[in-house]
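# Chain and residue survey
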Amino acid sequence: PSVASALLGGGGMPRPRSDHTENLQGRYMMDEERCKDFVNVLRRRVLPPVLAEDATAHEQARKLLYEAVSTLYAQRYLPVLGAIQRRLKELHGSESANLTHALSHGLSALTHAVLPLCAREPELYRILPPAHCDQPLVLFKEEPMWFEGWVDVEDRADPYTQWEWAAFTTALRFMEVVRAPMHNSPYLAAVQIRSVGFDAMPGLAHLALSQIEHMVRLACGPRKLLALHAD
């Protein structure tokens, strides 16, 4: 399965929100005036010609951006600028045949225009400026009712059940049997395992992709089930 198709699956089993995951967003809460000033600066930025001069490309970019943020919420990744840009690249690759010629060849323009585009839709997005060396954060103004909270993929705490770890381990063994090399990026390794989870191990299908990545990181650390090696 493609990266994009693996990203969109897995509804996620409801879990209580922890103070730790809430703090991922909470560290951005700051002075409203500073937020307004930041958004006003972004709104005045000139859009790339491919978006400013082509109404169809502009509308397609808006839809891709909305889908990018939506899937980050669904997979419980904090929608910081870098995460949105990564998701846009994935979606752009899967949707390129349906895009205008200019936009299908204008990925760089699209990823660089994330914040100005969001700033032009204050009724939909809330942008928080970077804090403590973090990246800017783009939230929906109205939180989706189905949203279950953010997952901190770097958290050392292990909230997963024995059943989930058994499914994870079986997925790793399955990948060994089919000789599927594990990617050295925890994120892309999670995409691989998520794909195996749908096809062979439904015990993982209920988890969000961020939770699978969290398990990959725990497996490389405290659990010592996995070793990812740089190229």
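Structure first, text after, so check above.
As a starting point, this report considers the structure included with it. (Residues numbered from 1 in each chain as written. Predicted model: local features only at pLDDT ≥ 70, side-chain atom pairs only at ≥ 80, totals over all residues. Heavy atoms only, no water.)

### Things to note about the overall build of the protein chain
Assigned secondary structure in the protein chain consists of twelve helices and two strands. The order of α-helices and β-strands along the protein chain, N terminus first, is α-α-α-α-α-α-α-α-α-β-β-α-α-α. Counting every position in the protein chain, which comprises 231 residues, the buried fraction comes to 48%. For the protein chain, contacts bridging at least 24 residues in sequence account for 73% of all contacts bridging at least 6. Counting every atom, the protein chain has about 11,800 Å² of accessible surface; 55% of that belongs to carbon and sulfur. (Helix = DSSP H or I, 4+ residues; strand = E, 2+ residues; numbered from the N terminus. Buried < 20%, exposed > 50% of the residue type's maximum accessible area, 1.4 Å probe, protein only. Contact = heavy atoms within 4.5 Å. Areas by Shrake-Rupley, 256 points an atom, 1.4 Å probe, with all protein chains shown as cover.)

### Quick word on the side chain of Asp152
By secondary structure assignment, the location of Asp152 is in the loop between strand E2 (137-140) and helix H10 (162-177). Look at Asp152 and you get buried, because its relative accessible area is 17%. From its side chain, Asp152 meets the backbone nitrogen of Glu154 in a polar contact 3.0 Å long. (Polar contact = N/O pair within 3.5 Å; in protein donor to acceptor, adjacent residues only side chain to side chain.)

### Quick word on helix H3 (residues 32-43)
Between the first and last C-alpha of H3 there are 16 Å, a value that for twelve residues agrees with the 16 Å anticipated at 1.5 Å per step. Residues of H3 that are buried: Cys35, Val39 and Leu42. Seen along its axis, H3 keeps its buried residues to an arc of 60 degrees; they face one direction. Summarising the contacts, the buried residues of H3 are in contact with helix H9 (114-119) and strand E1 (125-128). (Expected span 1.5 Å × (residues − 1). Arc of directions from axis to C-beta.)

### Concerning the pattern of salt bridges
Two side chains bearing opposite charge may form a pair once their charged atoms approach each other closely. Tallied over the entire structure, the rule returns seven salt bridges. A salt bridge links Glu32 to Arg126; the shortest N-O distance between them is 3.0 Å. Note that Glu32 is positioned in helix H3 and Arg126 in strand E1, a separation of 94 residues in sequence. Across the pair Glu148 and Arg76 runs a salt bridge whose closest N-O atoms are separated by 3.6 Å. Of the two residues, Glu148 sits in the loop between E2 and H10 while Arg76 sits in the loop between helix H5 (55-74) and helix H6 (81-95), which places them 72 residues apart along the sequence. Just as Glu148 is buried, Arg76 falls in that class too. (Salt bridge = Lys/Arg side-chain N within 4 Å of Asp/Glu carboxyl O.)

### Side note on the packing of aromatic side chains
One pass over the structure, following the stated rule, counts nine aromatic pairs. An angle of 55 degrees between the planes, with centres 4.4 Å apart, marks the rings of Phe147 and Trp150 as tilted. On the basis of relative accessibility, which here comes to 1%, the residue Trp150 falls in the buried class. For the pair Trp165 and Phe168, a centre-to-centre distance of 5.3 Å together with 75 degrees between the ring planes defines the contact as edge-to-face. (Phe/Tyr/Trp six-rings, centres within 6.5 Å; stacked < 30°, edge-to-face > 60°.)

These values are about where atoms sit, not about what they do.
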